[in-house]
Amino acid sequence: MAGPLALLTSLVQPALDYALPPRCPACGEIVDGDRRLCLACWSAIDFFSPPWCASCHLPFAFDRGAGAQCAQCLAAPPDHDGVLAAFAYGEIARTLALRLKYGRRIGLARLAADHIARNLPDDMDGWTIVPVPLHRWRLWSRGFNQSMLIARQIGHDRGLRVNADWITRVKPTPPLRGLGKSARAKQMRGAFAVPADVRAAVRGARILLVDDVYASGATSGAIARTLKRAGAHSVVVACWSRVVHDDDRESERDQAH
Ligand SMILES: [Zn+2]
Ligand SMILES: [Zn+2]
């Protein structure tokens, strides 16, 4: 965009930013700093912290010792090398994720990157960031990929490269909600590919796969599998929020007794 309108916008925007008090991105309450949740929303969020499963970071009700894994990871080792989620998917996480997805709020990507950063390894030298891709039909209709926004922000903050072209969605997948585990896996089969021209770069790479919401894990699992089949050294999933089912926690409780 160029011309008088662009000039006007660039002159007016900083003034507006200055004049408007920062608001909680979840509920709209006035807060005392940008990118801050109000106290009520902050306290309502279930942030993930140890003790947790050594492999997928599902929080444990009690400390089961270093290296302990959750029932799911023990039953079927995941294709990825860990899930780093900031908090459990709930009412507030849902509002934030939807605003990022449909509201085109770049500031929210910054908030998401800040939350995710708390769980990232300190030393990420040589890592590459790859966002979960949208199929290009969805990209066209929506105009942007929310995982890409978060990935770019993390890349900027940590000085890491973002390679969105390392994985492509080659077939659109229907919503996976309501499908059983094997039906989901079937839908995801052949959904992703590593393009021939980046295969040499992918070989041996340590990858941080960035998603906004981690639900069943079917999507990131399929991507991790595809990247590793192409020779990636490791694929760690980082996401803003993760759906935790009651029975995930229930099974932890059962094992405690
Ligand atoms: Zn709030
Ligand atoms: Zn686990």
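Nothing here was measured: the structure is a model prediction, and the numbers come from that model.

(A) How the structure looks around the pairing of strand β7 (residues 234-242). Burial within β7 is extensive, with nine of its nine residues counted as buried. Both strand β6 (residues 206-214) and β7 contribute to a ladder of eight bridges, which runs parallel. When the sheet's bridge partners are listed, L209 is paired in β7 with V237. What joins β6 to β7 is helix α10 (residues 218-229), and the crossover it makes is right-handed.

(B) Expanded view of the coordination of the zinc ion (ligand 1). Protein ligation of the zinc ion (ligand 1) involves C24 (SG), C27 (SG), C38 (SG) and C41 (SG), the donor distances falling in the range 2.3 Å. For the zinc ion (ligand 1), the four donor atoms in the first shell make angles of 103 to 116° at the metal, a pattern classed as tetrahedral. Ordering the donors of the zinc ion (ligand 1) by residue number gives the pattern C-x2-C-x10-C-x2-C. Linking C24 in the loop between α1 (4-19) and α2 (39-44) with C38 in the loop between α1 and α2, this pair joins segments that are 14 residues apart in sequence. Each member of the pair, C24 together with C38, is buried.

(C) Looking closely at the coordination of the zinc ion (ligand 2). Around the zinc ion (ligand 2), the protein contributes the donor atoms C53 (SG), C56 (SG), C70 (SG) and C73 (SG), which lie 2.3 to 2.4 Å from the metal centre. Of note is the zinc ion (ligand 2), whose four donor atoms meet at the metal with angles of 104 to 113° in an arrangement that counts as tetrahedral. We note that the donor set of the zinc ion (ligand 2) lies within a single chain, spaced as C-x2-C-x13-C-x2-C. You can see C53 sitting in the loop between α2 and α3 (71-75) and its partner C70 sitting in the loop between α2 and α3, a full 17 residues away along the chain. Overall, the relative accessible area of 2% leaves C70 in the buried class.

(D) Spotlight on the packing of helix α4 (residues 91-103) against helix α5 (residues 106-117). With their axes 8 Å apart at the nearest point, α4 and α5 run at an angle of 135° to one another. Between α4 and α5, the angle is such that the two are oblique. Judged by the twist between their axes, the crossing of α4 over α5 is left-handed. In this structure, α4 uses L96, R99 and L100 to contact α5, whose residues at the interface are L108, A109 and L111.

(E) Examining the pattern of salt bridges more closely. Scanning the model with the defined rule gives three salt bridges in all. Between D32 and R36 there is a salt bridge, with the nearest N and O atoms lying 2.9 Å from each other. According to the relative accessible area criterion, D32 is exposed, its value standing at 71%. Residue R36 is classed as partly exposed on the basis of its relative accessible area of 42%.

(F) Just helix α7 (residues 146-158), in detail. With 13 residues, α7 should reach 18 Å at 1.5 Å per residue; the first-to-last C-alpha distance of 19 Å fits that figure. Listing the buried residues of α7 in full gives Q146, S147, M148, L149, I150, A151, Q153, I154 and G155. For α7, the side-chain oxygen to backbone nitrogen distance between the N-cap and S147 is 2.9 Å, and the N-cap itself is N145. Two residues or fewer past α7, G159 is found with a positive phi of approximately 65°.

(G) Quick peek at α10. Between its terminal C-alpha atoms α10 stretches 16 Å, which fits the 16 Å expected from 12 residues at 1.5 Å a residue. If you check which residues of α10 are buried, you get A218, T219, S220, G221, A222, I223, A224, T226 and L227. Among the structural elements, β4 (168-169), α8 (181-188), β5 (192-193), α9 (199-202), β6 and β7 are those in contact with the buried residues of α10. G231, located one to two residues past α10, shows a positive phi value of around 105°.

Rules and cut-offs
Residues numbered from 1 in each chain as written. Chains lettered and ligands numbered in written order. Predicted model: local features only at pLDDT ≥ 70, side-chain atom pairs only at ≥ 80, totals over all residues. Heavy atoms only, no water. Buried < 20%, exposed > 50% of the residue type's maximum accessible area, 1.4 Å probe, protein only. Helix = DSSP H or I, 4+ residues; strand = E, 2+ residues; numbered from the N terminus. Pairing = 2+ DSSP bridges. Right-handed = clockwise from strand over helix to strand, strands pointing away. Donors = N, O, S within 2.8 Å, 3.2 Å for Na, K, Ca; no water. Tetrahedral: all angles 85-135°; square planar, octahedral: opposite > 155°, others 65-115°. Axes fitted to C-alpha atoms, helices over the stretch in contact; angles between N-to-C directions. Parallel < 35°, antiparallel > 145°, perpendicular 65-115°, else oblique. Left-handed = near helix turned anticlockwise from the far one by under 90°. Contact = heavy atoms within 4.5 Å. Salt bridge = Lys/Arg side-chain N within 4 Å of Asp/Glu carboxyl O. Expected span 1.5 Å × (residues − 1). Polar contact = N/O pair within 3.5 Å; in protein donor to acceptor, adjacent residues only side chain to side chain.

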